[in-house]
Amino acid sequence: MNKLYIEGNKKLNGHVVISGSKNAALPILFMTILATEEIEIHNIPQVTDIKIAIKLLKYLGAKIKNKNKILYIDTSSMNIYNPPYHLTKKIRASIWMLSPLVTRFGKAKIFFPGGCDIGCRPIDLHLKGLVSLGVKIIKKDNYIIALADRPLQGKHIYIEKISVGATVTIMSAATLAKGLTIIENAAQEPEIVDVAKFLNTLGANITGAGSNKIYITGVSKLYGGYHKIIPDRIETGTFLIAAAISKGFIICNKTEPKYLTNVLKKLSESGANIKVGKNWIKLDMQKKMPKAVNISTSPYPGFPTDMQPQFTLLNSIAQGKSIIVENIFENRFVYTNELIRMGAKIKIKKNYIVCTGTSKLSSNNLFCHDLRGSATLILAGCIANGITVVNNIHHFKRGYESFMKKLNKLGANIKYI
Ligand code: UD1
């Protein structure tokens, strides 16, 4: 069942409940390696990347109970420092094990993470950060070996390029290091704030997360605790687009509007009527087609690269011409070839595309290459003329909990073949 059958010409309307953030849950799961007591984590999204992270932790010796999106994790008896290749290669987030493992065991060995589906994704900034704190890094046969024969030492670190991944790696390594670490030019994503909040709950001393300067005063130990994962802002944005492209209305519940300020601005600009409450967002297209909007991705609080494919779809069927610039990843337009095969008028330039709206897309046999691109193609199938078949669907399962079920509840007709 690696294909979807999607009936087109659907209007997507109604309520959807947003799941926990995959990109917050992944680092948080790996940070449990630093703790010595049981931790209870709520709102865990049921997606394959998380299932792999759980398998990895279990392989290393963690005891994990999973009940209704609540994980009880006890890593106190963990005794393995080298996670297996067959699991680490499946998720890029496995790089986040390097820092807690070397902090805990004084050594770690990890296969270089994969994940080149949206361009080459180096990890040099993670490794440089660890070296600054006193870790010795050896690269051998596609493995990274990290060694620390004494406790890590706090440092003032300037990250050359804003990186979510490197900020998490350095912040976690500094948690149990001696003295003060200052991270400058840190990523400011809500997921970083959630990781810091989680570590503080366990006894860490981190301030400034959410700004570009994070201060971490090392502590001697992390304990147990309770944490609830923040809502997934990219899943929220994806469902808002689902309604926007089908002239529909939607209410996203259990979400956090303030994480989507720039996305909501662009949706308003495209003609959507948007209202927000404490934990909900309502979008109403009032049966109108969207207007084209220009997009330029940048680190948070800028426009998220993870919403770039979905907005290209919106622009493909919108009134007018738009330019979409991708500034984070070097190869994040692969999915556009599939949209072009559906009739979208897209011209790919270097790091930007020019899109001229067309009133209707037509169905086709589509192939997914990455997570956000796959969600975009599924939405495209829902509004195109005819029956669309989407192949390689393991991609969307990595990051969208019950995606088909949620879309079908809104009025889609999607089935496994
Ligand atoms: C995370 C998110 C991903 C999101 C991205 C940007 C997770 C699991 N993934 O990915 O969904 O699209 O943030 O918001 O949370 N870079 C380097 N060297 C490094 C690290 C990164 O050059 O050592 C570059 C990358 O190639 C990219 C840029 O920095 O051009 C930003 O990458 P980064 O923020 O680190 O993205 P990820 O953490 O991989």
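Remember, it's a predicted structure, so these values are computed and weren't measured experimentally.

**Remarks on the layout of surface pockets**
Next up, step 1: By volume, the second largest pocket amounts to about 410 Å³.
Next up, step 2: Around the second largest pocket, the lining is made up of 20 residues, and of these Lys228, Ile229, Ile230, Pro231 and Glu256 lie nearest the centre.
Next up, step 3: Broken down by element, the lining of the second largest pocket gets its largest block of residues, four residues, from helix H7 (residues 190-201).
Next up, step 4: For the lining of the second largest pocket, the per-class residue count stands at eight nonpolar, five polar and seven charged.
Next up, step 5: No fewer than three residues from each of domain 1 (4-19 + 231-416) and domain 2 (22-228) sit in the lining of the second largest pocket.

**Regarding the side chain of Arg92**
Next up, step 1: Its place among the elements puts Arg92 in the loop between helix H3 (85-88) and helix H4 (98-105).
Next up, step 2: At 7.6 Å, Asp124 is the nearest oppositely charged side chain to Arg92, a buried residue that forms no salt bridge.
Next up, step 3: In terms of polar contacts, Arg92 uses its side chain to reach the backbone carbonyl oxygen of Arg121, at 2.9 Å.

**Thoughts on the sheet that holds strand S16 (residues 280-284)**
Sheets are built from strands paired through backbone hydrogen bonds, the pairs being either parallel or antiparallel.
Next up, step 1: With respect to topology, four strands assemble into an open sheet ordered S2-S14-S16-S15, the strand pairing being mixed. Pairing within the sheet leaves two strands with one partner each, and these edge strands are strand S2 (14-17) and strand S15 (273-276). When the angles between neighbouring strand axes are averaged without regard to direction, this sheet yields 15°.
Next up, step 2: Across five bridges, strand S14 (residues 249-253) lies against S16 in antiparallel orientation. Paired with Cys252 across the strands is Ile281, a residue of S16.
Next up, step 3: Where helix H8 (residues 233-245) meets the sheet, it contacts S2, S14 and S16, and its direction lies at approximately 165° from that of S14.
Next up, step 4: Here helix H9 (residues 261-269) sits on the sheet and contacts S15 and S16; the angle it forms with S15, its principal contact strand, is near 150°.

**With respect to the pairing of strand S5 (residues 70-74)**
Next up, step 1: Counting buried residues along S5, four of its five residues qualify, which places the element largely inside the surrounding structure.
Next up, step 2: Examined bridge by bridge, strand S3 (residues 39-42) and S5 share three bridges and lie antiparallel to one another. Note on S5: the bridge partner recorded for Ile41 is Leu71.
Next up, step 3: Bridging between strand S4 (residues 63-67) and S5 involves five bridges; their strand directions are antiparallel. Paired with Lys67 across the bridge in S5 is Ile70.
Next up, step 4: A loop of two residues connects S4 with S5, the two strands running antiparallel in sequence, and Asn68 in this loop sits at a positive phi of about 45°.

Conventions adopted
- Residues numbered from 1 in each chain as written.
- Predicted model: local features only at pLDDT ≥ 70, side-chain atom pairs only at ≥ 80, totals over all residues.
- Heavy atoms only, no water.
- 1 Å grid on protein atoms, 1.4 Å probe; cavity = no way out; pocket = protein on both sides within 12 Å on 5 of 7 lines; lining within 4 Å.
- Points joined across faces, edges and corners; volume = space filled by probe spheres on them.
- Helix = DSSP H or I, 4+ residues; strand = E, 2+ residues; numbered from the N terminus.
- Nonpolar A, V, L, I, M, F, W, Y, C, P; charged D, E, K, R; others polar.
- Domains from an automatic or database assignment.
- Buried < 20%, exposed > 50% of the residue type's maximum accessible area, 1.4 Å probe, protein only.
- Lys, Arg positive; Asp, Glu negative; His and termini not counted.
- Salt bridge = Lys/Arg side-chain N within 4 Å of Asp/Glu carboxyl O.
- Polar contact = N/O pair within 3.5 Å; in protein donor to acceptor, adjacent residues only side chain to side chain.
- Pairing = 2+ DSSP bridges.
- Axes fitted to C-alpha atoms, helices over the stretch in contact; angles between N-to-C directions.
- Contact = heavy atoms within 4.5 Å.

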